[in-house]
Amino acid sequence: MTRWAMVSVAATLAFATGGCHVDMWRQPKLLPQHESTFFADGAASRPPVPHTVARGQLRDDEVLYTGVRNGELVTEPPLPVTEDNLQRGEKLFGIHCAPCHGPLGYGNGMIAQRGLALRRKPGNYHTDRLRNMPIGYFYDVMTNGAGVMYSVASRVSPEDRWRIAMHVRVLQLSQHGRLADLSPALAAELEKAAGRPSGRKGATR
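Below is a short write-up of the structure. In this text, all values refer to a predicted model and were calculated from it rather than measured experimentally. (Residues numbered from 1 in each chain as written. Predicted model: local features only at pLDDT ≥ 70, side-chain atom pairs only at ≥ 80, totals over all residues. Heavy atoms only, no water.)

**Things to note about the side chain of His 167**
Within the secondary structure layout, His 167 lies in helix α8 (residues 158–176). Residue His 167 is classed as buried on the basis of its relative accessible area of 8%. (Helix = DSSP H or I, 4+ residues; strand = E, 2+ residues; numbered from the N terminus. Buried < 20%, exposed > 50% of the residue type's maximum accessible area, 1.4 Å probe, protein only.)

Structure below.
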């Protein structure tokens, strides 16, 4: 190979490798938050395509995510009423709800007692109105807020909101339940613990 041929090959290789090197570092692509002359608004970042759903975020269970079925608030939770779910609901109620509503749900939590920036008293779960509300109502209020209560959807998952709603029902039953609603075995056990003769006839709380 002649000297000139060697120089030509070296120059070609240098140009090729140099060009590839520059292309690797300076690729013609759009970067987030950068300007762009390609789009009319001058922004490289583009909004999602309408109705785009992130993977794993398709909320196609109407009851679980809204508390509504066919336009009506549901009367039964979509999660099973298990000991684990009830215990978690009690724990979360103490964290997110008791400061305003109180540990038993009478609307007399410490925030309410001290009147900290509340326009009106928090709801009392033991009024006739709220005792007769379907459980979907409590889920809806936690999700969308109501009155002086703000939405907790950003900090409490849908499943945990249902667990809290279950605990609200437990509180209502604990304060307004009737002995006649219990099974005979459990009623007898409670009467024994209270030192009363066994029997359910005419027994109401």
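Resuming the write-up.
**Here we look at the packing of helix α3 (residues 83–96) against α8**
Following both chains from N to C, one finds α3 and α8 inclined at 90°, their axes separated by 7 Å at the closest point. Between α3 and α8, the interaxial angle falls into the category roughly perpendicular. On the side of α3, the interface is formed by Asn 85, Leu 86, Arg 88, Gly 89, Glu 90, Leu 92 and Phe 93, while α8 contributes Asp 160, Arg 163, Ile 164, Met 166, His 167, Val 168, Val 170 and Leu 171. Along the lines of polarity and charge, the residues of the contact of α3 with α8 split into eight nonpolar, three polar and four charged. (Axes fitted to C-alpha atoms, helices over the stretch in contact; angles between N-to-C directions. Parallel < 35°, antiparallel > 145°, perpendicular 65-115°, else oblique. Contact = heavy atoms within 4.5 Å. Nonpolar A, V, L, I, M, F, W, Y, C, P; charged D, E, K, R; others polar.)

**Quick word on the layout of surface pockets**
In this structure, the largest pocket spans a volume of roughly 720 Å³. Contributions of two or more residues to the lining of the largest pocket are made by α3, α4 (98–101), α6 (128–131), α7 (135–144) and α8. If one sorts the elements of the lining of the largest pocket by residue count, α7 sits on top with four residues. Among the residues forming the lining of the largest pocket, the class breakdown is 23 nonpolar, four polar and five charged. (1 Å grid on protein atoms, 1.4 Å probe; cavity = no way out; pocket = protein on both sides within 12 Å on 5 of 7 lines; lining within 4 Å. Points joined across faces, edges and corners; volume = space filled by probe spheres on them.)

**Observations concerning the nonpolar core**
Counting 24 residues, the largest nonpolar core has Phe 93, Tyr 125, Phe 138, Trp 162, Ile 164 and Ala 165 as the members making the most contacts within it. For this core, the elements supplying multiple residues, two or more each, are α2 (62–66), α3, α7 and α8. Residues contacting Tyr 125, with those up to four places away along its chain left out, are Phe 93, His 101, Gly 105, Leu 130, Arg 131, Phe 138, Val 168 and Gln 172. (Core = buried A, V, L, I, M, F, W, Y, C linked by side-chain atoms within 4.5 Å.)

**A closer look at the packing of aromatic side chains**
Applying the stated criterion across every chain, the model contains five aromatic pairs. Ring centres of Phe 38 and Phe 39 lie 5.0 Å apart, and the angle between their planes is 85°; on these two criteria the pair is classed as edge-to-face. For Phe 38, a relative accessible area of 69% translates into the label exposed. By way of ring pairs, the aromatic residues Phe 93, Tyr 125, Tyr 137 and Phe 138 are connected into one cluster. Just above the ring of Phe 39 sits the side chain of Arg 46; from NZ or CZ to the centre is 3.9 Å. (Phe/Tyr/Trp six-rings, centres within 6.5 Å; stacked < 30°, edge-to-face > 60°. Lys NZ or Arg CZ within 6 Å of the ring centre and 35° of its normal.)

**Examining the pattern of salt bridges**
In this structure the tally under the stated criterion is five salt bridges. Residue Arg 131 is joined to Asp 128 by a salt bridge in which the shortest nitrogen-to-oxygen separation is 2.3 Å. Here Arg 131 pairs with Asp 128, and both are found in helix α6, just three residues apart, close to one helical turn. If you follow the salt bridges from partner to partner, you end up with Arg 88, Asp 160 and Arg 163 in one network. (Salt bridge = Lys/Arg side-chain N within 4 Å of Asp/Glu carboxyl O.)

**Some points on α7**
By the criterion of burial, α7 is predominantly enclosed, with eight of the 10 residues buried. Among the residues of α7, Ile 135, Gly 136, Tyr 137, Phe 138, Tyr 139, Val 141, Met 142 and Thr 143 are the ones counted as buried. Here the buried face of α7 lies against α2, β2 (72–73), α6 and α8. Downstream of α7 by one or two residues, Gly 145 has phi in the positive range, about 80°.

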